[in-house]
Amino acid sequence: MSDGQPVAGPDGALRCPWALSTPDYVTYHDEEWGRPVHGDDALFERLALEAFQSGLSWITILRRRPGFRAAFAGFEIAKVAEFTDTDRERLLADPGIIRNRAKIDATLANAKVLAGWEPGDLDDLIWSHAPDPAARPAPRTLADVPAVTPESTALSKALKRRGLRFVGPTTAYALMQACGLVDDHLETCVARIAP
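In this text, all values refer to a predicted model and were calculated from it rather than measured experimentally.

Here the focus is helix H2 (residues 40–53). With 14 residues, H2 ought to run about 20 Å at 1.5 Å a step, and its terminal C-alpha atoms sit 20 Å apart, in line with that. Counting buried residues in H2 gives 12 out of 14 residues, a clear majority hidden from the surface. Residues of H2 that are buried include every one of Asp-40, Leu-43, Phe-44, Glu-45, Arg-46, Leu-47, Ala-48, Leu-49, Glu-50, Ala-51, Phe-52 and Gln-53, and no others. With its phi angle positive at about 85°, Gly-55 sits one or two positions after the end of H2.

The tally for this structure, following the rule as stated, stands at 15 salt bridges. We note a salt bridge from Asp-30 to Arg-15, for which the minimum N-O separation is 2.8 Å. In this pair, Asp-30 is assigned in helix H1 (residues 23–31) and Arg-15 in strand E2 (residues 14–15), connecting sequence segments 15 residues apart. For Arg-15, a relative accessible area of 5% corresponds to the buried category. A salt bridge links Glu-32 to Arg-65, with the shortest nitrogen-to-oxygen separation between them at 2.7 Å.

On to the packing of H1 against helix H3 (residues 58–71), then. When two helices pack together, their arrangement is given by the angle between the helix axes and the distance between those axes. Two elements in contact, H1 and H3, have axes whose closest approach is 11 Å; the angle formed by their N-to-C orientations is 85°. As judged from the angle between their axes, H1 and H3 are roughly perpendicular. Contact residues: Asp-24, Tyr-25 and Tyr-28 in H1; Trp-58, Ile-59, Leu-62 and Arg-63 in H3. Taken together, the residues that form the contact of H1 with H3 break down as 5 nonpolar, no polar and 2 charged.

Here the structure, examined in full by the defined rule, presents 9 aromatic pairs. Taking 6.4 Å as the distance between ring centres and 15° as the angle between the ring planes, the aromatic pair formed by Phe-68 and Phe-72 counts as stacked. Across the pair, exposure class does not vary: Phe-68 and Phe-72 are buried alike. When the centroid spacing of 5.4 Å and the interplanar angle of 15° are considered together, the rings of Phe-72 and Phe-75 count as stacked. For the pair shown, Phe-72 and Phe-75 are each scored as buried. By way of ring pairs, the aromatic residues Phe-44, Phe-52, Phe-68, Phe-72, Phe-75 and Phe-83 are connected into one cluster.

Of all residues except glycine, most have a negative phi; of all peptide bonds, most are trans. A positive phi angle, close to 50°, is found at Ala-73, a residue other than glycine. Residue Phe-166 is not a glycine yet carries a positive backbone phi of 60°. As for its placement among the helices and strands, Phe-166 is situated in the loop between helix H8 (150–161) and helix H9 (169–178). For Phe-166, a relative accessible area of 33% corresponds to the partly exposed category.

In this numbering, the UniProt entry assigns the feature "binding site: Zn(2+)" (unreviewed entry) to Cys-16, His-29, His-185 and Cys-189. A maximum C-alpha distance of 10.2 Å places the annotated residues, which cover 174 residues in sequence, within one compact spot. Positionally, His-29 belongs in helix H1. Classification of His-29 as buried rests on a relative accessible area of 0%. In contact with His-29, other than residues within four places in its own chain, are Arg-15, Cys-16, Trp-18, Ala-19, His-185, Cys-189 and Ala-191. Take His-185: it is sitting in the loop between H9 and helix H10 (190–193). In contact with His-185, other than residues within four places in its own chain, are Cys-16, His-29, Trp-33, Gly-34, Pro-139, Ala-191 and Arg-192. A distance of 2.9 Å separates a polar atom in the side chain of His-185 from the backbone oxygen of Trp-33.

How each quantity is defined
- Residues numbered from 1 in each chain as written.
- Predicted model: local features only at pLDDT ≥ 70, side-chain atom pairs only at ≥ 80, totals over all residues.
- Heavy atoms only, no water.
- Helix = DSSP H or I, 4+ residues; strand = E, 2+ residues; numbered from the N terminus.
- Expected span 1.5 Å × (residues − 1).
- Buried < 20%, exposed > 50% of the residue type's maximum accessible area, 1.4 Å probe, protein only.
- Salt bridge = Lys/Arg side-chain N within 4 Å of Asp/Glu carboxyl O.
- Axes fitted to C-alpha atoms, helices over the stretch in contact; angles between N-to-C directions.
- Parallel < 35°, antiparallel > 145°, perpendicular 65-115°, else oblique.
- Contact = heavy atoms within 4.5 Å.
- Nonpolar A, V, L, I, M, F, W, Y, C, P; charged D, E, K, R; others polar.
- Phe/Tyr/Trp six-rings, centres within 6.5 Å; stacked < 30°, edge-to-face > 60°.
- UniProt positions renumbered as here; feature names shortened; annotations may be inferred.
- Polar contact = N/O pair within 3.5 Å; in protein donor to acceptor, adjacent residues only side chain to side chain.

The structure is reproduced here in structure tokens:
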């Protein structure tokens, strides 16, 4: 394993070292992580999945994402907001997802809250917390990548004030990384260099 420096993959391209532990990670790293995500439903999905990831490895969530999407109606806020107690019990019994009662309840509660927002409000709120990229030097090693930032703390507080749950500062920062609000690909990583 690397000392936090970029590592050459099977194709010879340098990548963030975490990306090379499994082919699933390579694809996620190269094509999705750190790329801008917009749209309330898309951001709701990422927010829910980051909450489910809390305390687990991301690969566990990534490999179950098709199951999550099927179980949570494609993460369409309006549909999930209408889930009933019967749906909740179905989710608690679904082996295709993480059957954590608190995380399931938070996702359902968050959908109900978000259903009352105006279209685009979630997108606007999240993206209003994106830091100025010019003020953030590219990380050279994994040690340069924070777990929490002032922006993620502010985003967490803003989401909580608006009634959302399971949105702590670490979860908020993981969301910011996954959705391209910040680019934490290492300085010489192929995904950072590629347009």
